Amino acid sequence: MESLARGGTRWKRFAVVMVPSVAATAAIGVALSQGALAASFSVSGQQFKVSTDRLDGTGFVQYGAVDAQKDGKNVPVAVSAFSNAKIRNLCQSVVVPVPVFGDVSMKLQAGGGEQPVEAKNLYIDLDDLNADATFNNINIGVAAGSTSKGPGIKKGDAADPGSFAQEADTAVLTHVKQRAWATTAGTFKLSGLKMSVAKGKSECY
């Protein structure tokens, strides 16, 4: 028998499941600015959109962190991480403003055929997420540095090991639409990869 807290928990319109407290986010930002925490790399300062029909993940963990932009500005994010993930019909898009010429859209698509996109040690730094989600054996309120079901805190992330996190054995997300600052993975296998560049705005959603 599955319990509400630990088995098959499901939320409609899953919008950034774990939201770090304002105090925790502020503390991370201060530590980052003082050099106590190191960011793994500087993000571009421009967000991108990602959509997918379905993501099947094993070893899920989510925690709060801060991404450092190239201009020195810090942005709070929720990091969703998976030990392994299979992604169906992945789309990633970004609109780049080009002086004089105008907007240029870059779109990447993969996993739309029989073979899904496959990723290991996948980390997604995001600040907006909408999806339907089902978790198996979920623990909510775990210390970020004490999680054991997923890949753990990414090396170099500006995240407090004692802050709020959640973890699950498996996670299934469908009808996913998210806005992210960065994505990293140990391996990322893109089956049926297609990339296009077009003038104007042409986004995944």
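Just above, that's the structure.
Quick notes on the rules
Residues numbered from 1 in each chain as written. Predicted model: local features only at pLDDT ≥ 70, side-chain atom pairs only at ≥ 80, totals over all residues. Heavy atoms only, no water. Helix = DSSP H or I, 4+ residues; strand = E, 2+ residues; numbered from the N terminus. Buried < 20%, exposed > 50% of the residue type's maximum accessible area, 1.4 Å probe, protein only. Contact = heavy atoms within 4.5 Å. Areas by Shrake-Rupley, 256 points an atom, 1.4 Å probe, with all protein chains shown as cover. Salt bridge = Lys/Arg side-chain N within 4 Å of Asp/Glu carboxyl O.

S.K.: I'm lost on the overall build of the chain in this one. Help?
M.R.: Scanning the chain from terminus to terminus reveals one helix and nine strands. Along the chain direction, N to C, the helices and strands of the chain fall in the order β-α-β-β-β-β-β-β-β-β. In the chain, which comprises 205 residues, the proportion classed as buried is 42%. Taking the intrachain contacts of the chain between residues at least 6 apart in sequence as the baseline, contacts between residues at least 24 apart amount to 82%. Approximately 10,400 Å² of the chain is accessible, and the part contributed by carbon and sulfur atoms is 54%.

S.K.: Before we go on, may I ask you to explain the pattern of salt bridges in this structure?
M.R.: According to the stated counting rule, one finds six salt bridges in the structure shown. Here Glu 203 makes a salt bridge to Lys 49, at a shortest N to O gap of 3.7 Å. Here Lys 49 lies in strand β2 (residues 48–68) and Glu 203 lies in the segment after β9 (194–199), a separation of 154 residues in the sequence. A residue is classified by how much of its surface remains accessible, and Lys 49, at 23% relative accessible area, is partly exposed. Salt-bridge contacts for Asp 56 lead to Arg 54; the nearest nitrogen and oxygen are separated by 2.7 Å. Residue classification places Asp 56 among the partly exposed residues on the basis of a relative accessible area of 29%. Under the relative-accessibility criterion, Arg 54 is labelled partly exposed at 37%.

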